[in-house]
Amino acid sequence: MNIQNAQKEVDEWIKNHGVRYFNELTNMAQLTEEVGEVARIIARRYGEQSEKESDKDKDLGEELADVLFVVLCLANQTEVDLQAAFDKRMDKKGKRDHDRHHNNEKLK
């Protein structure tokens, strides 16, 4: 599935199940909350904090998908073609950063 199709699928879900989009500010707060859930899993599972028993069943993939869902909602409601924006960003990064990371001594 490409990003355009994902945006359409989210829009259809909102129309059929979600009544309407939350406003942009609410979705921004929701995005922050979802990113926080991803951060909690990463910090405890891959970082130095110990993982609480209640966090062991949390699925990182599902939490990342929650982040993606809200990003797609924000793109839809602000009329951003996320596929075009992503393609443009990757092209820019490809040109700008082509040798940057290979030449970074910190990464060797």
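Since the model is a prediction, treat every value here as computed from it, not as a measurement.

1. As for the overall build of the protein
And step 1. Each helix and strand counted, the protein has 4 helices and 0 strands in total.
And step 2. Shown N-terminal to C-terminal, the secondary structure of the protein runs as helices and strands in the order α-α-α-α.
And step 3. Taken over the C-alpha trace, the protein has a radius of gyration of 18 Å; the compact-globule value for 108 residues is 13 Å, which it surpasses by more than 25%.
And step 4. A total of 108 residues make up the protein; the buried ones form 23% of that total.
And step 5. Pairs at least 24 apart in sequence give 62% of the contacts found in the protein among residues at least 6 apart.

2. What about the nonpolar core?
And step 1. Formed by Leu31, Val38, Ile41, Leu60, Val67, Val70 and Leu74, the largest nonpolar core amounts to 7 residues.
And step 2. For this core, the secondary-structure elements that each account for two or more residues are α2 (24-45) and α3 (60-77).
And step 3. Apart from residues lying up to four places away in sequence, Ile41 is in contact with Tyr46, Lys58, Asp59, Leu60 and Glu63.
And step 4. Counting residues in hydrophobic clusters, the runner-up holds 6 residues, among them Val10, Ile14, Tyr21 and Leu72.

3. A few points about the UniProt feature "domain: NTP pyrophosphohydrolase MazG-like" (unreviewed entry) in the protein
And step 1. UniProt's feature table lists "domain: NTP pyrophosphohydrolase MazG-like" (unreviewed entry) at residues 23-100, given in the numbering used throughout.
And step 2. Secondary structure across residues 23-100 divides into 71% helix and 0% strand, with the first and last C-alpha atoms of the span separated by 39 Å.

4. Considerations on the packing of α2 against α3
And step 1. Contact geometry for α2 and α3: axes closest at 9 Å, N-to-C directions at 160 degrees. Considering their axes alone, α2 and α3 lie roughly antiparallel with respect to each other. Between α2 and α3 the crossing geometry is left-handed. Residue-level contacts link Glu24, Asn27, Met28, Gln30, Leu31, Glu34, Val35, Glu37, Val38, Ile41, Ile42 and Arg45 of α2 to Leu60, Glu63, Leu64, Asp66, Val67, Val70, Val71, Cys73, Leu74 and Gln77 of α3.
And step 2. Here the contact of α2 with α3 is composed, by residue class, of 13 nonpolar, 3 polar and 6 charged.

5. Here's the deal with the side chain of Glu63
And step 1. Note that Glu63 resides in helix α3.
And step 2. Among buried Asp, Glu, Lys and Arg side chains, Glu63 stands out as unpaired, with Lys58 the closest opposite charge at 5.5 Å.
And step 3. Not counting residues up to four positions away in its chain, the partners in contact with Glu63 are Glu34, Glu37, Val38 and Ile41.

6. Points about the layout of surface pockets
And step 1. In this model, the largest pocket occupies a volume close to 200 Å³.
And step 2. Forming the boundary of the largest pocket are 13 residues, of which Trp13, Ile14, Phe22, Asn27 and Phe69 lie nearest the centre.
And step 3. At the level of secondary structure, the elements contributing two or more residues to the lining of the largest pocket comprise α1 (3-17), α2 and α3.
And step 4. Here the lining of the largest pocket takes 4 residues from α3, the largest share from any one element.
And step 5. For the lining of the largest pocket, the class distribution of residues is 7 nonpolar, 3 polar and 3 charged.

Here is what the cut-offs are and how they apply
- Residues numbered from 1 in each chain as written.
- Predicted model: local features only at pLDDT ≥ 70, side-chain atom pairs only at ≥ 80, totals over all residues.
- Heavy atoms only, no water.
- Helix = DSSP H or I, 4+ residues; strand = E, 2+ residues; numbered from the N terminus.
- Rg over C-alpha atoms; globule rule 2.2 N^0.38 Å.
- Buried < 20%, exposed > 50% of the residue type's maximum accessible area, 1.4 Å probe, protein only.
- Contact = heavy atoms within 4.5 Å.
- Core = buried A, V, L, I, M, F, W, Y, C linked by side-chain atoms within 4.5 Å.
- UniProt positions renumbered as here; feature names shortened; annotations may be inferred.
- Axes fitted to C-alpha atoms, helices over the stretch in contact; angles between N-to-C directions.
- Parallel < 35°, antiparallel > 145°, perpendicular 65-115°, else oblique.
- Left-handed = near helix turned anticlockwise from the far one by under 90°.
- Nonpolar A, V, L, I, M, F, W, Y, C, P; charged D, E, K, R; others polar.
- Lys, Arg positive; Asp, Glu negative; His and termini not counted.
- Salt bridge = Lys/Arg side-chain N within 4 Å of Asp/Glu carboxyl O.
- 1 Å grid on protein atoms, 1.4 Å probe; cavity = no way out; pocket = protein on both sides within 12 Å on 5 of 7 lines; lining within 4 Å.
- Points joined across faces, edges and corners; volume = space filled by probe spheres on them.

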